[in-house]
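Structural features, examined
Chain by chain, the residues run as shown.
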Amino acid sequence: MTNSISIKPSKVIQLGHSTLRKVAAPVENITHNTTQQLIENMLVTVKNAGGVGIAAPQINVSQRIFIMCSKPNNRYPDAPLMEPTAIINPKILSKSTDTEKDWEGCLSVPAIRGLVPRYRSIQVEYYDKEGVKHNSHYSGFIARIFQHELDHLDGITFVDRVESTRDLFSEEEWPNK
Ligand code: NI
């Protein structure tokens, strides 16, 4: 095991960097030390940045891993507080027919918020950091984080998902500030 106290936050790459536009590769060996170290790096980096999620491509590693760490915030006071969870080789198995629009931001798109349509609920599968396969159902805010982070593994950012560029706001002008 790695000692997380010794790990420094990684640099979060920004919109325009080519890695954010790549389709990331599946993780071949989840329990290998290099994968475990990557997960530790991501955990330290997302905590340092105060985010609710981060994907490996955001620290310039093109592999299919992301962290979800929902916590209550102004916009989602009822958002569940979840232990930071590593999600590896994720897939959406099925999704609700209905979508809902809500605000998103991204550590790789600083100072911008967007009103993004997402499926309200999704059935997913993924592997955890021990390599155990999970089948889970998510709705609301957690489903939104999952879809946002999964997009990062496919080279997509939330600015690609807004229906209109008029749904993009500077944080300065954001109505929910
Ligand atoms: Ni993001």
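For clarity, every value in this text was computed on a predicted model and none was experimentally measured.

Let us now look at the pattern of salt bridges. Where charged atoms from two side chains of opposite charge come close, those side chains can pair. Per the stated rule, a full pass over the model turns up 13 salt bridges. Linking Glu-100 and Arg-120 is a salt bridge whose minimum nitrogen-to-oxygen distance equals 2.8 Å. Taken together, the residues span a long stretch of sequence, with Glu-100 in strand β4 (residues 99–106) and Arg-120 in the loop between β5 (109–119) and β6 (121–127) at a distance of 20 residues. Of the residues examined, Glu-100 reaches a relative accessible area of 27% and is grouped as partly exposed. Between Arg-144 and Glu-104 there is a salt bridge; the shortest N-O distance is 2.9 Å. Of this pair, Arg-144 sits in helix α2 (residues 140–153) while Glu-104 sits in strand β4, placing them 40 residues apart in sequence. Here Arg-144 matches Glu-104 in class, with each residue buried.

This paragraph deals with the coordination of the nickel ion. Ligation of the nickel ion by protein atoms is provided by Cys-106 (SG), His-148 (NE2) and His-152 (NE2), these donors lying 2.1 to 2.3 Å from the ion. The exposure class assigned to Cys-106 is buried, which follows from its relative accessible area of 11%. Residue classification places His-152 among the buried residues on the basis of a relative accessible area of 1%.

A few words now on the nonpolar core. Judged by nonpolar contacts, the single largest core of 18 residues is most densely connected at Phe-66, Met-68, Ile-87, Tyr-138 and Phe-146. Secondary-structure elements contributing two or more residues to this core are β2 (65–68), β6 and α2. The leading source of residues in this core is α2, at seven residues. Of all hydrophobic cores here, the second largest spans 15 residues; its members include Val-27, Leu-38, Ile-39 and Ile-59.

On to the environment of Pro-57. Its location among the elements puts Pro-57 in the loop between β1 (53–55) and β2. Measuring from C-alpha to C-alpha, the distance between Pro-57 and Thr-34 comes to 15 Å, with 23 residues separating the pair along the chain.

Attention shifts here to the layout of surface pockets. In this model, the largest pocket occupies a volume close to 620 Å³. Surrounding the largest pocket, 30 residues form its lining, Val-52, Glu-104, Gly-105, Cys-106 and Arg-113 being those nearest its centre. Elements with a contribution of two residues or more to the lining of the largest pocket: β4, β5 and α2. In the lining of the largest pocket, the residues fall into 13 nonpolar, 10 polar and seven charged. Empty space within the second largest pocket amounts to approximately 240 Å³.

Scoring rules and cut-offs
- Residues numbered from 1 in each chain as written.
- Predicted model: local features only at pLDDT ≥ 70, side-chain atom pairs only at ≥ 80, totals over all residues.
- Heavy atoms only, no water.
- Salt bridge = Lys/Arg side-chain N within 4 Å of Asp/Glu carboxyl O.
- Helix = DSSP H or I, 4+ residues; strand = E, 2+ residues; numbered from the N terminus.
- Buried < 20%, exposed > 50% of the residue type's maximum accessible area, 1.4 Å probe, protein only.
- Donors = N, O, S within 2.8 Å, 3.2 Å for Na, K, Ca; no water.
- Core = buried A, V, L, I, M, F, W, Y, C linked by side-chain atoms within 4.5 Å.
- 1 Å grid on protein atoms, 1.4 Å probe; cavity = no way out; pocket = protein on both sides within 12 Å on 5 of 7 lines; lining within 4 Å.
- Points joined across faces, edges and corners; volume = space filled by probe spheres on them.
- Nonpolar A, V, L, I, M, F, W, Y, C, P; charged D, E, K, R; others polar.

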